[in-house]
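Each chain is listed here by its residues.
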Amino acid sequence: MGDYLQSTGKPIGDIPLAAQQYLGMVKEALFWPVLLGILPMPSPERDRYVIEDCTEKFARLYDL
């Protein structure tokens, strides 16, 4: 993720932090609820939806 962000040439101040934040958005919705026993394993459709939604929001934030 960091390599991709670096390659865009966009003015992203802290690339490692931005990469962590993106992965954090995805993990918050898909990983942690399962690990904590709050939700069952998500379906592939739910995985895809969450990843696409997080990617869209992240791309808008950094104008990617």
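Residues numbered from 1 in each chain as written. Predicted model: local features only at pLDDT ≥ 70, side-chain atom pairs only at ≥ 80, totals over all residues. Heavy atoms only, no water.

Here helix H2 (residues 15-30) contains 16 residues, and its C-alpha end-to-end distance of 23 Å stays within 8% of the 22 Å for a straight helix at 1.5 Å per residue. Its buried side turned inward, H2 meets helix H1 (2-8), helix H3 (32-35) and helix H4 (44-61). Where H2 starts, the residue carrying a side-chain oxygen 3.1 Å from the main-chain nitrogen of Leu17 turns out to be Asp14. (Helix = DSSP H or I, 4+ residues; strand = E, 2+ residues; numbered from the N terminus. Expected span 1.5 Å × (residues − 1). Contact = heavy atoms within 4.5 Å. Polar contact = N/O pair within 3.5 Å; in protein donor to acceptor, adjacent residues only side chain to side chain.)

Pairing of side chains with opposite charge becomes possible as their charged atoms draw close. If you walk through the whole model with that rule in mind, you get 3 salt bridges. Between Asp63 and Lys10 there is a salt bridge, with its nearest N and O atoms 3.6 Å apart. Separated by 53 residues along the polypeptide, Asp63 in the segment after H4 and Lys10 in the loop between H1 and H2 bring together distant segments of the chain. You can call Lys10 partly exposed: its relative accessible area is 31%. We note a salt bridge from Glu56 to Arg60, for which the minimum N-O separation is 2.9 Å. With Glu56 and Arg60 both in helix H4 and 4 residues apart, this pair spans about one turn of that helix. Under the relative-accessibility criterion, Glu56 is labelled partly exposed at 46%. Residue Arg60 is classed as exposed on the basis of its relative accessible area of 57%. (Salt bridge = Lys/Arg side-chain N within 4 Å of Asp/Glu carboxyl O. Buried < 20%, exposed > 50% of the residue type's maximum accessible area, 1.4 Å probe, protein only.)

On to the packing of H2 against H4, then. Close contact between H2 and H4 brings their axes to 10 Å; oriented N to C, the two are set at 150°. On the basis of the axis angle, H2 is roughly antiparallel to H4. Here the hand of the crossing between H2 and H4 comes out right-handed. Residues Ala18, Tyr22, Met25, Val26, Ala29 and Leu30 of H2 lie in contact with H4, whose contacting residues are Arg46, Asp47, Val50, Ile51, Cys54, Thr55 and Phe58. Counted by class, the contact of H2 with H4 contains 10 nonpolar, 1 polar and 2 charged residues. (Axes fitted to C-alpha atoms, helices over the stretch in contact; angles between N-to-C directions. Parallel < 35°, antiparallel > 145°, perpendicular 65-115°, else oblique. Left-handed = near helix turned anticlockwise from the far one by under 90°. Nonpolar A, V, L, I, M, F, W, Y, C, P; charged D, E, K, R; others polar.)

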